[in-house]
Amino acid sequence: MSIINSKKTLISGVKPTGTPHIGNYFGAMKQFVDMQNEDVYNVLIFIADLHALTSVKNANEMRENTHNLILDYLAIGLDPEKVTLFRQSDVPAHAELCWVFNCITTMPEMMRAHAFKDAEAKNKDINVGMFDYPLLMAADILLYNTDIVPVGQDQKQHLEIARDTARTFNNLYCKNNEPTFIEPAELIMPDVATVPGTDGQKMSKSYKNIIPLFGTDAEWEKAVMSIVTDSKTPGEIKNPDECNIFALHKLVTPPEHLTEIRNRYITGGIGYKESKDILLESIKNYFGPMRERREAFAQNPEAITQILKTGGAAALKIATAKMTEVKQKIGL
Ligand code: ADP
Ligand code: TRP
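Criteria and cut-off values
Residues numbered from 1 in each chain as written. Chains lettered and ligands numbered in written order. Predicted model: local features only at pLDDT ≥ 70, side-chain atom pairs only at ≥ 80, totals over all residues. Heavy atoms only, no water. Domains from an automatic or database assignment. Contact = heavy atoms within 4.5 Å. Buried area = accessible area lost by both parts, 1.4 Å probe. Salt bridge = Lys/Arg side-chain N within 4 Å of Asp/Glu carboxyl O. Polar contact = N/O pair within 3.5 Å; in protein donor to acceptor, adjacent residues only side chain to side chain. Helix = DSSP H or I, 4+ residues; strand = E, 2+ residues; numbered from the N terminus. Nonpolar A, V, L, I, M, F, W, Y, C, P; charged D, E, K, R; others polar. Near = heavy atom within 4 Å. Areas by Shrake-Rupley, 256 points an atom, 1.4 Å probe, with all protein chains shown as cover. Buried < 20%, exposed > 50% of the residue type's maximum accessible area, 1.4 Å probe, protein only.

(A) Looking closely at the domain arrangement of the protein. Domain boundaries assigned for the protein yield domain 1 (8-194 + 301-330) and domain 2 (214-294). The centre of domain 1, based on its C-alpha atoms, is set 36 Å off from the matching centre of domain 2. Every contact between the two is made by 12 residues of domain 1 and, on the other side, nine residues of domain 2. Taken together, the two surfaces of domain 1 and domain 2 that pack against each other cover about 950 Å², and 68% of this comes from carbon and sulfur. Taken as a group, Ile22, Phe26 and Ala75 account for 51% of the area that domain 1 buries against domain 2, more than any other trio of residues on that side. Summed over the shared surface of domain 1 and domain 2, the number is one salt bridge. At the junction of domain 1 and domain 2, the tally comes to three residue pairs in polar contact (both at pLDDT 80 or more). Looking at the side of domain 1 that touches domain 2, the elements that each hand over two or more residues are helix H1 (22-38) and helix H3 (59-76). Residue classes in the side of domain 1 that touches domain 2 are distributed as eight nonpolar, two polar and two charged.

This is how it looks when you write it as structure tokens:
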């Protein structure tokens, strides 16, 4: 994909740290695919493996997570013809620019970061990488003349730090000429749905209440059958809007069936077991084709290598040009 055109640039990164669930899909991943298809932005999506190093300390786990994340992205429909898909560590300029930013940012500024303050309050062992996390993220974003960064609410402060860093650099080094960095805006992804987990709380890895995005049939079945309900009998009238099963139907069951199921809930014409059986079918229909695509990509590791190689080369070209400008401005 060529980045030399008049479109705005959008970038986002995801850390390769674990198995995604359908909450991640509807809350975040699906929106990258929607944005790619809108065709208004140059979209860059990268695997934030350098960021993941702050917590993943095992080489095989890192390789496996990275491989799985790229498969997940291809499976859900990110198209390498439309999106630059790359691995952060394939572009050394991210770490290099981070160092430059380290040298123009003060400790007190960084100590105001929420993530650092939270970790400190919990007495966690904080490594220097964790402390520096926001400046690596600023480098990720600023290297590509990014206009917009779609992220969750929890990343808002990181975008503020990226803008502050751009301004500090421009003020220090670009007084009499063009600013090197533009200030990016965040696009806070609306919490379209806080997808509930099998226990009705927000679906989250940490609550062990997930339905995996790419489970086996048996894993999907186990998760769906474990959804917590009240103890109404099949013939009793039920409120679909208070039912954890129905909340998931809303995401994956086709609209015509959804209306029928709703009617059956309010007339006392469906039991929870049947509702779960239908939900399981809907999940298989919705995610089954993506799972097949994932399996096809998994059979073809050369294609994955090629996608990362092409994406990495495209990203490297833009990032290297920016880094050359930075070095010239700072006298390296
Ligand atoms: P987890 O809570 O399982 O650890 P993450 O914090 O890694 O998930 O979330 C990754 C992305 O998925 C974030 O952008 C977040 O907003 C989204 N997300 C996670 N869980 C849900 C959910 N239950 N509903 C909607 N979006 C979610
Ligand atoms: N910090 C982000 C998260 O935890 C991941 C990330 C790293 C990122 N670099 C980025 C997101 C640059 C957007 C842009 O989700």
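(B) Layout of the site of ligand 2. Neighbouring ligand 2 are the residues Ser12, Gly13, Lys15, Phe46, His51, Tyr133, Met137, Asp140, Ile141, Val149, Val151 and Gln155. Separating a nitrogen atom of ligand 2 from a side-chain N or O atom of tyrosine 133 is a distance of 2.7 Å. Within the side chain of glutamine 155, an N or O atom sits 2.9 Å from a nitrogen atom of ligand 2. Burial of ligand 2 by the protein amounts to 88% of the accessible area it has alone, namely 370 Å². Of all elements in the fold, only strand E1 (8-14), helix H7 (128-142) and strand E4 (148-151) reach the threshold of two or more residues within the shell around ligand 2. Top element by residues in the shell around ligand 2 is H7. It accounts for four residues. Of the residues belonging to the shell around ligand 2, the class tally is six nonpolar, four polar and two charged.

(C) Spotlight on the environment of glutamate 96. You can see glutamate 96 is positioned in helix H4 (residues 93-102). According to the relative accessible area criterion, glutamate 96 is partly exposed, its value standing at 31%. The sequence separation of glutamate 96 and methionine 323 amounts to 227 residues, and the corresponding C-alpha distance is 8.3 Å.

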